[in-house]
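Structural features, examined
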Amino acid sequence: MAAHNEQRWQPEQYRRCAPYVPELGRGVIDLLDPRPGDRILDLGCGDGELSMALAAHGCTVVGVDRSEAFVAAARQRGVNARVADARRLADAGFAAGSFDGVFSNAVLHWIREPAPVIAGVRRLLRTGGCFAAEFGGAGNIATVRGALHAAFERRGLDPAVRDPWYFPTPQAYRALLESGGFTVTGMTLFDRPTPIPGTLAEWLQLFGAAWLADLDRATRTAIVAEVSAAAAPRLRAAGGAWTVDYVRLRVRAVAG
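I will try to describe carefully the structure that is included in this document. A quick note: this is a predicted structure, and the numbers were derived from the prediction, not measured.

It is worth spelling out the packing of aromatic side chains at this point. This structure, assessed with the given rule, holds 16 aromatic pairs. On the numbers, 5.2 Å between centres and 45° between planes, the contact of Phe152 with Trp211 is tilted. One end of the pair, Phe152, is in helix 7 (residues 142-154); the other, Trp211, is in helix 10 (residues 209-212), with 59 residues separating them in the sequence. Exposure remark for Trp211: the relative accessible area of 0% places this residue in the buried category. What links up through ring pairs into an aromatic cluster is the set Trp9, Tyr14, Phe70, Trp110, Phe152, Trp165, Phe167, Trp203, Phe207 and Trp211.

Before going further, it helps to examine unusual backbone geometry. Its identity as a non-glycine residue notwithstanding, Asp33 has a phi of 55°, on the positive side. Assignment of secondary structure puts Asp33 in the loop between helix 3 (26-32) and strand 1 (39-43). A relative accessible area of 38% places Asp33 in the partly exposed class. For Ala106, which is not glycine, the phi torsion reads 60° and is therefore positive. Along the polypeptide, Ala106 turns up in the loop between strand 4 (99-105) and helix 6 (114-124).

Before going further, it helps to spend a moment on the environment of Gly48. Considering the arrangement of structural elements, one finds Gly48 in the loop between strand 1 and helix 4 (49-55). When the C-alpha atoms of Gly48 and Val62 are compared, they prove to be 9.7 Å apart, with 14 residues separating the residues in sequence. With residues up to four places along the chain from it excluded, the contact list for Gly48 reads Ala74, Arg77 and Val79.

As for its placement among the helices and strands, Arg82 is situated in strand 3 (residues 80-83). In sequence terms Arg82 and Gly63 are 19 residues apart; their C-alpha atoms lie 6.4 Å from each other. When near neighbours in sequence (up to four residues on either side) are disregarded, Arg82 contacts Val62, Gly63, Val64, Asp65, Val71, Arg75, Ala92, Gly93 and Phe94.

Take the layout of surface pockets next. Size it by volume and the largest pocket reaches roughly 940 Å³. Within the residue set of the lining of the largest pocket, elements represented by two or more residues are helix 1 (11-17), helix 2 (20-24), strand 1, helix 4, strand 2 (60-65), helix 5 (68-76) and strand 4. Element by element, the count of residues in the lining of the largest pocket is highest for helix 5, at three residues. The residue inventory of the lining of the largest pocket, partitioned by class, reads 23 nonpolar, seven polar and 14 charged. When the residues that make up the lining of the second largest pocket are grouped by side-chain class, the tally is five nonpolar, three polar and three charged.

Cut-offs and rules
Residues numbered from 1 in each chain as written. Predicted model: local features only at pLDDT ≥ 70, side-chain atom pairs only at ≥ 80, totals over all residues. Heavy atoms only, no water. Phe/Tyr/Trp six-rings, centres within 6.5 Å; stacked < 30°, edge-to-face > 60°. Helix = DSSP H or I, 4+ residues; strand = E, 2+ residues; numbered from the N terminus. Buried < 20%, exposed > 50% of the residue type's maximum accessible area, 1.4 Å probe, protein only. Contact = heavy atoms within 4.5 Å. 1 Å grid on protein atoms, 1.4 Å probe; cavity = no way out; pocket = protein on both sides within 12 Å on 5 of 7 lines; lining within 4 Å. Points joined across faces, edges and corners; volume = space filled by probe spheres on them. Nonpolar A, V, L, I, M, F, W, Y, C, P; charged D, E, K, R; others polar.

Laid out in C-alpha cells, this is it:
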C-alpha cells in the first residue's frame with residue numbers, strides 16, 4: 001500500500017536538524033571499500049556530503065535522489081547528481097553494468113517497495129560489484145513510531161496509509177537480496193541510540209513530514225505534542241536532551 005503523503009525535504013532544515021545522518025553513515029564507505037577509479041552510484045545522495053567523501057577516495061561518483069531540492073544542493077557542492085526514483089533506476093539513463101559499486105545511506109527505509117530497488121541496483125552493477133547500504137532495520141524508532149500510530153488511531157485516521165517507513169528484519173532483506181541476484185557478504189542489525197539536536201518536535205517536523213503534511217495546523221500541533229509527551233519517558237533525559245531509539249541494518253552484498 002502506498003504512503004498517503006510523499007516525504008518532502010529541505011536541505012537547510014536537514015543540515016540543521018540531522019547533521020548526524022551523514023556523519024554516522026561514513027562507516028558504510030568503509031564497508032563499500034571503494035578503490036581509486038571505481039565508478040560509484042550514490043543512491044539517495046541527499047545534499048552530496050557523502051558523495052564528496054566517496055570522491056575523495058579517487059572514485060568517479062554519480063549521485064541520484066528523488067528530491068529536486070537535494071539534487072540542486074548536491075550540484076552546488078560539485079556532485080554529478082540527477083533526479084531519479086530508486087524504484088525506477090532503469091529510467092535514469094544508466095547502462096547496465098556501468099557501476100563498480102552502489103552506496104546508500106539512510107535512504108532505503110523510505111521506500112516501501114524494496115524489490116524494484118534491488119532489481120535496479122543489480123542491473124547497474126557489474127558482476128562482482130558491491131552494494132553497501134545502511135538504513136533503518138526492524139525496531140527502528142519504535143517509540144516514536146508507536147506513538148504516531150496511537151495518535152492517528154485516536155483520531156480515527158489509519159496510520160498504515162500514512163506510515164512511510166520500511167524497517168525490515170535481516171532475514172527478510174537477505175532473502176530479497178539473494179532472490180535478486182546478490183550474494184550477501186555482511187548483514188548486521190544493531191541498536192544505535194542517537195542524540196538529536198533540538199527537540200523531538202523539531203525532529204518530527206523534518207522526519208514526520210509525510211505523516212503531517214495534509215493536516216490542519218491545529219491537528220499537526222496536537223499530534224506533535226502528544227507524540228513528544230508519549231516518547232519523553234523513554235527518550236528525553238532529565239536535562240531535556242532527546243535521544244531517538246535508532247536501530248540500523250547495515251548490508252554488504254556482491255552482484256552475482
